Amino acid sequence: MTLLKTQVLIIGGGATGAGLARDLSLRGVPCLLVERGDIAAGASGANHGLLHSGARYVAKDPQAAMECAVEGAILKKVAAGCIEDTGGLFAAVAGDDERYVADFPSHCHTCGVACEPLALGEAREMEPVLSEKLIAAFKVPDAAIDPFKLVFENIDEALSLGADVRPHTRLTGFRRCRRGLEAALLRDMQSGAALTVEAAQFVNAAGAWAAEVAALAGLEIPMLYSKGSLLVTERRLARRVINRLRSSADADILVPGGTVSLLGTTSVRLDRLEDCRPTIPEIDRIIDAASKMVPVLAATRFIRAYAGVRPLVGAKTPHDDRAVSRGFALVDHAAEGCDNLVTITGGKLTTYRKMAEKTADLVCAKLGVAAACRTAVQPLASGGASRWAAPGLAPRLWLKAQDPDDLLLCECEMVPQSAVDEIVDAIRRQKAVVDIRAIGLRSRIGKGTCQGAFCAVRLAAYLCDRGLLGAGDGPADIRAFLASRWKGLRPVLWGRSLVQEELQEALHCGLFGLEL
Ligand SMILES: Cc1cc2nc3c(=O)[nH]c(=O)nc-3n(C[C@H](O)[C@H](O)[C@H](O)COP(=O)(O)OP(=O)(O)OC[C@H]3O[C@@H](n4cnc5c(N)ncnc54)[C@H](O)[C@@H]3O)c2cc1C
């Protein structure tokens, strides 16, 4: 049994946990972050990538709208390398609620969200994919944010400042003392080894799993789970974020994700977190609804679907999950007799920095640390291996370098060997497992139109050549990678995606003898 000691143990390696590790490290507070899977394994790796201006929430959730407006502006300054400042449009089409449209500008004004009316012709000139049945359009400061790059940059900076990070390490219990927690009990998910961590303060940043983590300490958090499913288009359809101008419903948002567009989302109540996957009826619903605003979506090729779970805290309305606040919950469990455990959950990717700041303020107050938060002014250290998560970067750098020895391992997204080498070094620094899934998470490998058909094999061969995969481990690694892609491919199998998948099946089952 390994015993580790730290000042603050952070449970959960999503945006919130990663942001907190960076914030505490900038204040000089030693911390250890544990994550049961790889970094960004939860909602932080499965969201829409919209840096909210707040406009989406102005009518029903003004508090969340105001938080987003303030945080969006801060992140555009301090995390500019993770953001494409596309701007956004809100568009209503014939049949949409005209009362909602009429009230929108004044709601935006009240919440401090900049909002400018557009002539219909001007809006369609700005975004030609918009429907001819447009009845109103407004410009807002929405933007696109790369969640993977954001989380990895927070982790990398925390590591460089002395924080410790342990992915593939699951919290399994706590050892309690009279007024709090003495230690956390963990398991290394690779070796199965037990690990005990003694800390002065414990932070539950486990997102949708926060209630499960709290339960391990004998505490209760009222939460419900709202699944959202999203689709990825083959190419980018619009320059800006496009939002449907109506009370939140399915398929209202089209977000540019570099070279593709992300369309969603649904809101489906889940009882079990394990049931998080996009379903065929949801996908049909998304395309039907979104085509009213962007008609070309009815005939677009979608290369995959994915789903994530929103943790909604303090549910008051049992039927409509969209009515539950998107604000965050910071819970000091001292009130329930556990002095050194804090939970931070709910909120948005857009507000992750604020969530980390508030949590670090509370933890520092408990530790007697006076250092102030610096994350609102200090730019996030950019670059390094996390840059390979950005769409379109690998081809640009590869073409510029013109190195004939630097072979491409992924042709769709043009990821060369040199990028993989850098990513492998980063994975090792982050103490994660080097395999195809980990490299895919930190790059564009597997994200292009072939969805892993060719690059998975090339990457496995390259990792074997470098001695990073054992000779017999390649096929198992390819199978695990393709299986992880399959749940997102299954709901979009028609037209050219079906043809692509049949080719993949023929290659992997027929040629390589891999039964998937
Ligand atoms: C479909 C969807 C679309 C969204 N779109 C947007 C958007 O466009 N813009 C926006 O601002 N926000 C969006 N959000 C919200 C945003 O994704 C989340 O608010 C944010 O990612 C939450 O980050 P987190 O770190 O709190 O949680 P998570 O990212 O879920 O991280 C929690 C981590 O804890 C880990 N964990 C759980 N249990 C344990 C354990 N026992 N031991 C160790 N680790 C554990 C999990 O594996 C997980 O990685 C969306 C959410 C969803 C679901």
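The preceding data block contains the structure.
So, here is what we can say about the structure in this document. (Residues numbered from 1 in each chain as written. Predicted model: local features only at pLDDT ≥ 70, side-chain atom pairs only at ≥ 80, totals over all residues. Heavy atoms only, no water.)

Take the overall build of the protein next. Each helix and strand in the protein was counted, giving 14 helices and 22 strands. In terms of overall size, the protein behaves like a compact globule, its C-alpha atoms giving a radius of gyration of 23 Å where 516 residues would be expected to give roughly 24 Å. Each principal axis of the C-alpha atoms in the protein carries an extent, and together these give about 65 × 60 × 40 Å. In the protein, the proportion of contacts linking residues at least 24 apart, taken out of those at least 6 apart, comes to 72%. For the protein, the distance from the average position of its 61 positive side-chain charges to the average position of its 60 negative side-chain charges is 2 Å. (Helix = DSSP H or I, 4+ residues; strand = E, 2+ residues; numbered from the N terminus. Rg over C-alpha atoms; globule rule 2.2 N^0.38 Å. Contact = heavy atoms within 4.5 Å. Lys, Arg positive; Asp, Glu negative; His and termini not counted. Charge placed at Lys NZ, Arg CZ, Asp CG, Glu CD.)

What follows concerns the sheet that holds strand S4 (residues 83–84). The strand order across the open sheet formed by 3 strands is S3-S8-S4, and the pairing between neighbours is antiparallel. Only two strands of the sheet have a single neighbouring strand rather than two, namely strand S3 (50–51) and S4. Pairing analysis gives 2 bridges linking S3 to strand S8 (residues 143–145), with the strands arranged antiparallel. Looking at S8, one finds that Leu50 is bridged to Ala144. (Pairing = 2+ DSSP bridges.)

Now for the nonpolar core. Judged by nonpolar contacts, the single largest core of 43 residues is most densely connected at Ile10 and Leu24. The set of elements that each furnish at least two residues to this core consists of strand S1 (2–11), helix H1 (15–26), strand S2 (31–34), helix H2 (62–78), S8, helix H5 (147–160) and helix H8 (352–367). Per element, the largest residue contribution to this core is 7 residues, and it comes from H5. (Core = buried A, V, L, I, M, F, W, Y, C linked by side-chain atoms within 4.5 Å. Buried < 20%, exposed > 50% of the residue type's maximum accessible area, 1.4 Å probe, protein only.)

What follows concerns the pattern of salt bridges. Tallying each qualifying case throughout the model produces 33 salt bridges. A salt bridge links Arg244 to Asp96; the shortest N-O distance between them is 2.8 Å. On the criterion of sequence distance, the pair formed by Arg244 in strand S14 (residues 241–244) and Asp96 in the loop between strand S5 (88–93) and helix H3 (98–111) is long-range, its members being 148 residues apart. The exposure class of Asp96 is buried, given its relative accessible area of 9%. Among the salt bridges present, the one from Arg246 reaches Asp252, with a minimum N-O distance of 2.8 Å. By relative accessible area, which is 0% here, Asp252 ends up buried. One connected set of salt bridges, linked through shared partners, spans Lys5, Arg175, Glu182 and Glu198. (Salt bridge = Lys/Arg side-chain N within 4 Å of Asp/Glu carboxyl O.)

A few words now on the site of the ligand. Contacts to the ligand come from 35 residues, most closely from Thr16, Glu35, Ser44, Leu50 and Thr350. Between the ligand and the protein, one listed contact pairs an oxygen atom with a backbone N or O atom of Ala43 at 3.0 Å. The protein chains hide 97% of the 1,000 Å² of surface that the ligand would expose on its own. Of the residues assigned to the shell around the ligand, the class counts are 13 nonpolar, 17 polar and 5 charged. (Near = heavy atom within 4 Å. Polar contact = N/O pair within 3.5 Å; in protein donor to acceptor, adjacent residues only side chain to side chain. Areas by Shrake-Rupley, 256 points an atom, 1.4 Å probe, with all protein chains shown as cover. Nonpolar A, V, L, I, M, F, W, Y, C, P; charged D, E, K, R; others polar.)

Moving on, we get to the packing of H1 against H8. The angle between the axes and the distance between the axes are what describe a pair of packed helices. At a closest axis distance of 8 Å, the pairing of H1 and H8 adopts a crossing angle of 50°. Between H1 and H8, the interaxial angle falls into the category oblique. Where H1 crosses over H8, the handedness of that crossing is right-handed. Here Ala15, Thr16, Gly19, Leu20, Asp23 and Leu24 of H1 come into contact with H8, specifically with Tyr352, Met355, Ala356, Glu357, Thr359, Ala360, Val363 and Cys364. Residue composition of the contact of H1 with H8, by class: 9 nonpolar, 3 polar and 2 charged. (Axes fitted to C-alpha atoms, helices over the stretch in contact; angles between N-to-C directions. Parallel < 35°, antiparallel > 145°, perpendicular 65-115°, else oblique. Left-handed = near helix turned anticlockwise from the far one by under 90°.)

Moving on, we get to helix H14 (residues 495–511). Compared with an ideal rise of 1.5 Å per residue, which puts 17 residues at 24 Å, H14 spans 24 Å between its outermost C-alpha atoms and is within 8% of the ideal. All buried positions along H14 are accounted for by Ser497, Gln500, Glu501, Gln504, Leu507 and His508. End-on, the buried residues of H14 take up no more than an arc of 120°, which puts them together on one face. Set apart from the buried face of H14 by more than 90 degrees, the exposed residues are Val499, Gly510 and Leu511. The secondary structure elements touched by the buried residues of H14 are strand S18 (302–313), helix H12 (455–465) and helix H13 (474–489). Within two residues after H14, Gly513 carries a phi angle of roughly 65°, on the positive side. (Expected span 1.5 Å × (residues − 1). Arc of directions from axis to C-beta.)

Following the criterion strictly, the structure yields 4 aromatic pairs and no others. Plain terms: the ring middles of Phe174 and Phe202 are 6.1 Å apart, the flat faces sit at 85° to each other, and that makes the pair edge-to-face. Here Phe202 lies in strand S12 (residues 194–204) and Phe174 lies in strand S10 (residues 169–177), a separation of 28 residues in the sequence. Here the two residues Phe174 and Phe202 agree in accessibility, since each one is buried. Pairwise contacts between aromatic rings join Phe90, Phe104 and Phe138 into one cluster. In this structure, Arg36 is placed above the aromatic ring of Trp209, and the distance from its NZ or CZ to the ring centre is 4.5 Å. The side chain of Lys447 reaches across the aromatic face of Phe148, ending 5.2 Å from its centre. (Phe/Tyr/Trp six-rings, centres within 6.5 Å; stacked < 30°, edge-to-face > 60°. Lys NZ or Arg CZ within 6 Å of the ring centre and 35° of its normal.)

The next point concerns unusual backbone geometry. A cis amide bond links Gly264 to the next residue, Thr265, at an omega of 0°. With respect to the secondary-structure elements, Thr265 resides in the loop between strand S16 (260–264) and strand S17 (268–270). You will see that Ala40, though not glycine, has its phi angle at about 60°, which is positive. Assignment of secondary structure puts Ala40 in the loop between S2 and S3. On the accessibility criterion, Ala40 (3% relative accessible area) is buried. Positive phi outside glycine occurs at Ala251, with the angle close to 60°. Relative to the elements of secondary structure, Ala251 occurs in the loop between S14 and strand S15 (253–257).

The subject of this paragraph is the packing of H2 against H8. Two numbers describe how H2 lies on H8: the axes approach to 9 Å, and their chain directions differ by 100°. The orientation of H2 with respect to H8, classified from their angle, is roughly perpendicular. Here Glu71, Ile74 and Leu75 of H2 come into contact with H8, specifically with Tyr352, Arg353 and Lys354. Classifying every residue of the contact of H2 with H8 by side-chain character gives 3 nonpolar, no polar and 3 charged.

Looking now at the pairing of strand S11 (residues 180–188). One ladder, built from 8 bridges, connects S10 with S11; its direction is antiparallel. By the bridge assignment for S11, Arg170 is matched with Arg187. Counting the residues that bridge the hairpin from S10 to S11 gives 2 residues. Of the strand pairs in this sheet, S11 and S12 are connected by 5 bridges, and their pairing is antiparallel. By the bridge assignment, Leu186 is partnered in S12 with Leu195.

Scope: geometric values only; no functional claims are made or implied.
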